[in-house]
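Breakdown of the fold
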Amino acid sequence: LAMVLDKNRVSPQRSPSPSKRTNASSSQFVSENIVGLERWLILTFVTPCLDWMPEWVTPNQISFANAVLVWVVLLLAQGSLEQESHELALVYRVAGGLGMFASMVLDCLDGMQARKTGQCSRLGEVLDHGLDTVSVPISVTAVCIGANMFAHPSDIPCVLGLVNSIHIYNAQLILYYRTGKFIHPDVTTGTEGQFGLALTFVGFGAVEYILKTTGSSMQGHTLLVCLYCCITAVVTTKVLWFYVVRLHPLGCMTPHLIFHCYTMAAMYLYFAGWLDAITCLLYTSPSPRDS
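Residues numbered from 1 in each chain as written. Predicted model: local features only at pLDDT ≥ 70, side-chain atom pairs only at ≥ 80, totals over all residues. Heavy atoms only, no water.

So, the overall build of the protein
Within the protein one finds eleven helices and zero strands. Reading the secondary structure of the protein in the N-to-C direction produces α-α-α-α-α-α-α-α-α-α-α. Taken over 291 residues, the protein has a buried fraction of 48%. At a minimum sequence separation of 6, the contacts of the protein that also span at least 24 residues come to 79%. (Helix = DSSP H or I, 4+ residues; strand = E, 2+ residues; numbered from the N terminus. Buried < 20%, exposed > 50% of the residue type's maximum accessible area, 1.4 Å probe, protein only. Contact = heavy atoms within 4.5 Å.)

Focus on the nonpolar core
Counting 25 residues, the largest nonpolar core has Met100, Ala142, Cys144, Met149, Phe150, Cys158 and Phe201 as its most contacted members. Mapped by element, the contributors of at least two residues to this core are α4 (59–81), α6 (122–146), α7 (155–179), α8 (190–213) and α9 (219–247). Apart from the residues within four sequence positions on either side, phenylalanine 201 is in contact with Val73, Ala77, Arg93, Gly96, Gly97, Met100, Ala142, Val143 and Gly146. With 16 residues, the next largest nonpolar core counts Met53, Val57, Leu69 and Met104 among its residues. (Core = buried A, V, L, I, M, F, W, Y, C linked by side-chain atoms within 4.5 Å.)

Some details on the state of the cysteines
Two cysteines whose sulfur atoms are joined by a covalent bond form what is called a disulfide. Applying the stated criterion across every chain, the model contains zero disulfides. Lacking any disulfide linkage, cysteine 226 is separated from the closest cysteine sulfur, that of cysteine 230, by 6.5 Å. Since its relative accessible area comes to 19%, cysteine 226 is described here as buried. (Disulfide = S-S within 2.5 Å.)

A word on the pattern of salt bridges
Pairing between side chains of opposite charge can happen when the charged atoms of each approach one another. All told, the structure shown has two salt bridges when counted by the stated rule. A salt bridge links arginine 93 to glutamate 208; the shortest N-O distance between them is 3.4 Å. Separated by 115 residues along the polypeptide, arginine 93 in helix α5 (residues 86–117) and glutamate 208 in helix α8 bring together distant segments of the chain. A salt bridge links lysine 212 to glutamate 208, with the nearest nitrogen and oxygen atoms 2.8 Å apart. With lysine 212 and glutamate 208 both in helix α8 and four residues apart, the pair spans about one turn of that helix. (Salt bridge = Lys/Arg side-chain N within 4 Å of Asp/Glu carboxyl O.)

What to know about a nonpolar patch on the surface
Taken together, the side chains of Leu227, Ile231 and Val235 define a hydrophobic patch exposed on the protein surface, amounting to about 250 Å² of accessible area. By the element assignment, isoleucine 231 lies in helix α9. (Patch = residues over 30% accessible without salt bridge, like charges linked within 9 Å, V, L, I, M, F, W, Y side chains within 5 Å. Areas by Shrake-Rupley, 256 points an atom, 1.4 Å probe, with all protein chains shown as cover.)

Re the packing of α4 against α6
Following both chains from N to C, one finds α4 and α6 inclined at 15°, their axes separated by 9 Å at the closest point. Overall, the two elements α4 and α6 adopt an arrangement that is roughly parallel. Between α4 and α6 the crossing geometry is left-handed. Contacts between α4 and α6 involve Asn60, Ser63, Phe64, Ala67, Val70, Trp71, Val73, Leu74, Ala77, Gln78, Ser80 and Leu81 from the first element and Gly124, Leu127, Asp128, Leu131, Val134, Ser135, Ile138, Ser139, Ala142, Ile145 and Gly146 from the second. The class makeup of the residues in the contact of α4 with α6 is 14 nonpolar, eight polar and one charged. (Axes fitted to C-alpha atoms, helices over the stretch in contact; angles between N-to-C directions. Parallel < 35°, antiparallel > 145°, perpendicular 65-115°, else oblique. Left-handed = near helix turned anticlockwise from the far one by under 90°. Nonpolar A, V, L, I, M, F, W, Y, C, P; charged D, E, K, R; others polar.)

Thoughts on the packing of aromatic side chains
For the coordinates displayed, the defined rule picks out five aromatic pairs. A centroid spacing of 5.1 Å and a plane angle of 90° characterise the contact between phenylalanine 242 and tyrosine 243, whose relative ring orientation is edge-to-face. We note that phenylalanine 242, like tyrosine 243, is buried. Clustering of aromatic rings is evident, with ring pairs tying together Trp40, Phe45, Phe101 and Phe195. Over the ring of phenylalanine 242 we find arginine 246; its NZ or CZ atom is 3.7 Å from the centre of that ring. (Phe/Tyr/Trp six-rings, centres within 6.5 Å; stacked < 30°, edge-to-face > 60°. Lys NZ or Arg CZ within 6 Å of the ring centre and 35° of its normal.)

Concerning the confidence of the model for the protein
Predicted confidence across the protein gives a mean pLDDT of 78, with 79% of residues reaching 70 or more. Across residues 1–23, confidence stays below pLDDT 50; counting only partners more than four residues off in sequence or on other chains, it has 42 contacts. (pLDDT = per-residue confidence, 0-100.)

Focus: the packing of helix α3 (residues 36–52) against α8
One way to put it is that α3 packs onto α8 with a least axis distance of 8 Å and a crossing angle of 75°. In terms of orientation, α3 and α8 fall into the roughly perpendicular class. Within the contact between the two elements, α3 uses Leu37, Glu38 and Leu41 and α8 uses Thr191, Glu192 and Phe195. Of the residues assigned to the contact of α3 with α8, the class counts are three nonpolar, one polar and two charged.

Digging into α4
The first and last C-alpha atoms of α4 sit 34 Å apart over 23 residues, in line with the 33 Å expected at 1.5 Å per residue. Taken residue by residue, α4 has Pro59, Ile62, Ser63, Asn66, Ala67, Leu69, Val70, Val73, Leu74, Ala77, Gly79 and Ser80 as its buried positions. (Expected span 1.5 Å × (residues − 1).)

Here's what the structure looks like:
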């Protein structure tokens, strides 16, 4: 609400003029600042969807559809652990990975549809980011559950990587509110991160399926999960530091540190056995009020 009412804040999204919207190519709605893998993903998978998308579909409808989709992915992840059939468990995980990939497409599509149809608004930005505050931790947790990471000695680095991802998005929101633009680190972007989560979902499911159907030891899977979680914890800590050094000069570290204390309390309750993983992530979702 504060972001909507703040008339002095610079909005990064501007409605294109009617002349520019006429016979516009979808590729023109892709920022020139987007390069590398992210640009390839958007041009290959998102812009064809934008060409097909009718103009009566609003960006807010796309955002809500994405919010529902990540909950479906979470249910698929939880359901994969309850299947006695190895084949059915793999189907659940592949479906979850495809759902994560579709979420990546929708996450890019809502803003591009807004620019294409001239429906950009501060309310739409707040709604998009507000829904992301829940969908970001749910997406990460869904992958952790689907890859059975909470059942291994990787419990601590897994939770650390999860909480760090929530801290990162909280820092992004604060920085966005203060500067009017999203700043991405050199390590990765949100689109690339979602694509990586989709691959992780399917990859770990395939490894577990192969090991179980061949009667091999699951020790290799455990070691792989531990290594993945440790690398994730290190990378997310590096990304978090990227934002911390940019928040400090702006004098807005206080709300971020308060949020850190909030999530640390949730982590303690989780390891004390008072919260399960899903409740913990909902408790620590980076609400826009924290920015």
